[in-house]
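# Breakdown of the fold
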Amino acid sequence: MSDPKKPQAMPTGPERELEIYALGLGGGKPAVPIPLEMLEQKAKEMLSPRAYDYVAGGAGSEDTMRANREAFYRWRIVPRMLRDVAKRDLSVELFGARLPAPILLGPVGVQEIVHKDADVASVRAATSLGLPFVLSTMSSRTIEEVAQAADNVAVSPRWFQLYWGKNPELTASMVQRAERAGYSALVVTLDTHSLGWRERDLHHGYLPFMLGQGLANYFSDPIFRGLLAQPPEQNPMAAIQLWGSLFSNPALTWKDIVFLRQHTRVPIILKGILHANDAALALEAGVDGLIVSNHGGRQVDGGIGALDALPSVVREVNGRVPVLFDSGIRRGADVFKALALGARAVLLGRPYMWGLAVAGEAGVREVLLNLVADLDLTLALSGYTCCRELDASALWRSDLAEALS
Ligand SMILES: Cc1cc2nc3c(=O)[nH]c(=O)nc-3n(C[C@H](O)[C@H](O)[C@H](O)COP(=O)(O)O)c2cc1C
């Protein structure tokens, strides 16, 4: 009998292709569109305009989102031949856990606006494949509910993403809840101490949190509840107002990270690092990992493409802690490029929201299976058998051709 606590083995790229073509032979077609553009389009048709725009949109003119994609485009893969790629191993080691592929579901808040099962669907999809899930502070289900939903599926790492607000007791309470519920790392997001100027959301006059969505972790927190005259169930407006007054803390500095380091036993990973000097300060503060990310272009308009920031951060870190990456990962080639530039693993954002919108848990699973299959094939067809082998020599850029040759 198969062990229900064991994640399902993931098909290789060719196996996945065969499954899909066999379905086609019988007149079938994947229920979740495979081309991401079609998947997003289907999600758009199913969602309200404001929910779609909340996920799809970015800060200001959205040119940071474009820069994210353009940065990937500039790096080209240079395939190598005749290198026995018959057997591949996509697994990577991260904080003592071996992941079957270098892919995590990144923290995405307020998932209930795209599907009623929200974070529970996403965590179950990731866990069933042994891939880590990072739960947002702004999740639609509580830290504890999500832990329980995942535990019933299989054993795989889950991390908690922390937005560090104004109330230190509330922050400490959330960290303790996450530790108690088995989240094995803290992702501290640094780039969102205020919300970016998001023109689509401003146009709709829409912020889901102001409707009480994405506040499950606050409404269920004993410290938060203790600050209210009436519980959130009785007076949601007062609870939403309290959240608004506590959410952001633009006064944080590197000293606060040192403080956090002393108050948690789990690894701390800082998300939102784009400058090599910040990477150096992060290491001085004693953190255990970094995520190079510009929050999918949702915070600073006119920003650097996240992939363009990766090499200098990797150089500064020099192997001392793992560097992860997100912002613009869409397909296997993107994962390949990020790994070749020094990322240990990548986090997926919007694409899994489109899968969730279209088909809930099954939709997220399909998106993950397709991405892993695509990565496996990209690796093999480029002449590599495992993620560790990748470095910048697998890539080419016309503007740097001389420097790299
Ligand atoms: C709808 C939405 C909500 C997000 N919520 C959070 C969040 O709560 N915490 C966080 O650290 N990042 C959040 N992010 C950022 C993602 O973790 C990730 O950095 C981003 O999606 C990467 O860009 P990409 O989706 O274009 O690849 C969110 C992103 C989206 C699209």
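Residues numbered from 1 in each chain as written. Predicted model: local features only at pLDDT ≥ 70, side-chain atom pairs only at ≥ 80, totals over all residues. Heavy atoms only, no water.

### A few points about the side chain of asparagine 217
Secondary-structure assignment places asparagine 217 in helix α9 (residues 216-219). A polar side-chain atom of asparagine 217 sits 3.4 Å from the main-chain carbonyl oxygen of serine 136. A polar contact of 3.0 Å, which involves the side chain of asparagine 217, links it to the backbone oxygen of threonine 137. (Helix = DSSP H or I, 4+ residues; strand = E, 2+ residues; numbered from the N terminus. Polar contact = N/O pair within 3.5 Å; in protein donor to acceptor, adjacent residues only side chain to side chain.)

### Focus: unusual backbone geometry
Its identity as a non-glycine residue notwithstanding, aspartate 84 has a phi of 45°, on the positive side. Relative to the assigned elements, aspartate 84 resides in the loop between β1 (76-77) and β2 (92-94). For aspartate 84, a relative accessible area of 61% translates into the label exposed. At asparagine 318, a position not held by glycine, the phi torsion is positive, near 50°. Take asparagine 318: it is sitting in the loop between α14 (306-317) and β10 (323-325). Overall, asparagine 318 belongs to the exposed group, its relative accessible area being 62%. (Buried < 20%, exposed > 50% of the residue type's maximum accessible area, 1.4 Å probe, protein only.)

### Concerning the pairing of strand β11 (residues 345-348)
Residue alternation in β11 divides its side chains into two sets, Ala345 and Leu347 and Val346 and Leu348, and both sets are buried. The pairing of β10 with β11 spans two bridges and is parallel. Bridging from a neighbouring strand, phenylalanine 325 pairs with valine 346 of β11. Once you follow β10 into helix α15 (residues 332-340) and on to β11, the crossover reads as right-handed. (Pairing = 2+ DSSP bridges. Right-handed = clockwise from strand over helix to strand, strands pointing away.)

### Some points on the nonpolar core
If you look at the biggest cluster of nonpolar residues, it comprises 126 residues, and the most contacted ones within it are Tyr218, Phe224, Leu290 and Phe325. With 14 residues, helix α16 (residues 350-381) is the largest single contributor of residues to this core. Ignoring sequence-local partners within four residues, the contact set of tyrosine 218 consists of Thr137, Met138, Leu170, Met174, Phe224, Trp243 and Phe247. (Core = buried A, V, L, I, M, F, W, Y, C linked by side-chain atoms within 4.5 Å. Contact = heavy atoms within 4.5 Å.)

### Focus: the site of the ligand
Lining the immediate environment of the ligand, one finds 21 residues, of which Pro107, Ser136, Thr189, Arg330 and Arg350 sit closest. Serine 136 is positioned such that a nitrogen or oxygen atom in its side chain is 2.7 Å from an oxygen atom of the ligand. Between an oxygen atom of the ligand and a side-chain N or O atom of arginine 330, the distance comes to 2.7 Å. Relative to its unbound accessible area of 610 Å², the ligand is 97% covered by the protein chains. (Near = heavy atom within 4 Å. Areas by Shrake-Rupley, 256 points an atom, 1.4 Å probe, with all protein chains shown as cover.)

### Looking at the pattern of salt bridges
Throughout the structure, instances matching the rule amount to 20 salt bridges. Notably, a salt bridge pairs arginine 74 with aspartate 308, separated by 2.5 Å at the nearest N-O pair. Taken as a pair, arginine 74 in helix α4 (residues 63-74) and aspartate 308 in helix α14 lie far apart in primary sequence, 234 residues in all. Of the residues examined, aspartate 308 reaches a relative accessible area of 26% and is grouped as partly exposed. We note a salt bridge from arginine 177 to glutamate 144, for which the minimum N-O separation is 2.8 Å. Separated by 33 residues along the polypeptide, arginine 177 in helix α7 (residues 168-180) and glutamate 144 in helix α6 (residues 143-151) bring together distant segments of the chain. Using a relative accessible area of 3% as the deciding quantity, one classes arginine 177 as buried. Owing to a relative accessible area of 34%, glutamate 144 belongs among the partly exposed residues under this scheme. (Salt bridge = Lys/Arg side-chain N within 4 Å of Asp/Glu carboxyl O.)

### Regarding the state of the cysteines
What makes a disulfide is a covalent bond joining the sulfur atoms belonging to two cysteines. According to the stated counting rule, one finds zero disulfides in the structure shown. Considering cysteine sulfurs only, cysteine 386 is the nearest to cysteine 387, which forms no disulfide, with 6.7 Å between them. Note on cysteine 387: relative accessible area 7%, which makes it buried. (Disulfide = S-S within 2.5 Å.)

### Let's talk about a negative patch on the surface
A contiguous patch of negative charge on the surface is contributed by Asp63, Glu70, Glu199 and Asp301. On the secondary structure map, aspartate 301 appears in the loop between β9 (289-292) and α14. Note on aspartate 301: relative accessible area 33%, which makes it partly exposed. (Patch = residues over 30% accessible without salt bridge, like charges linked within 9 Å, V, L, I, M, F, W, Y side chains within 5 Å. Lys, Arg positive; Asp, Glu negative; His and termini not counted. Charge placed at Lys NZ, Arg CZ, Asp CG, Glu CD.)

### Structural notes on α15
A large share of α15 lies buried, amounting to eight of its nine residues. Along α15, the residues that are buried comprise Gly332, Asp334, Val335, Phe336, Lys337, Ala338, Leu339 and Ala340. Positive phi shows up at glycine 342, right after α15, with a value of about 110°.

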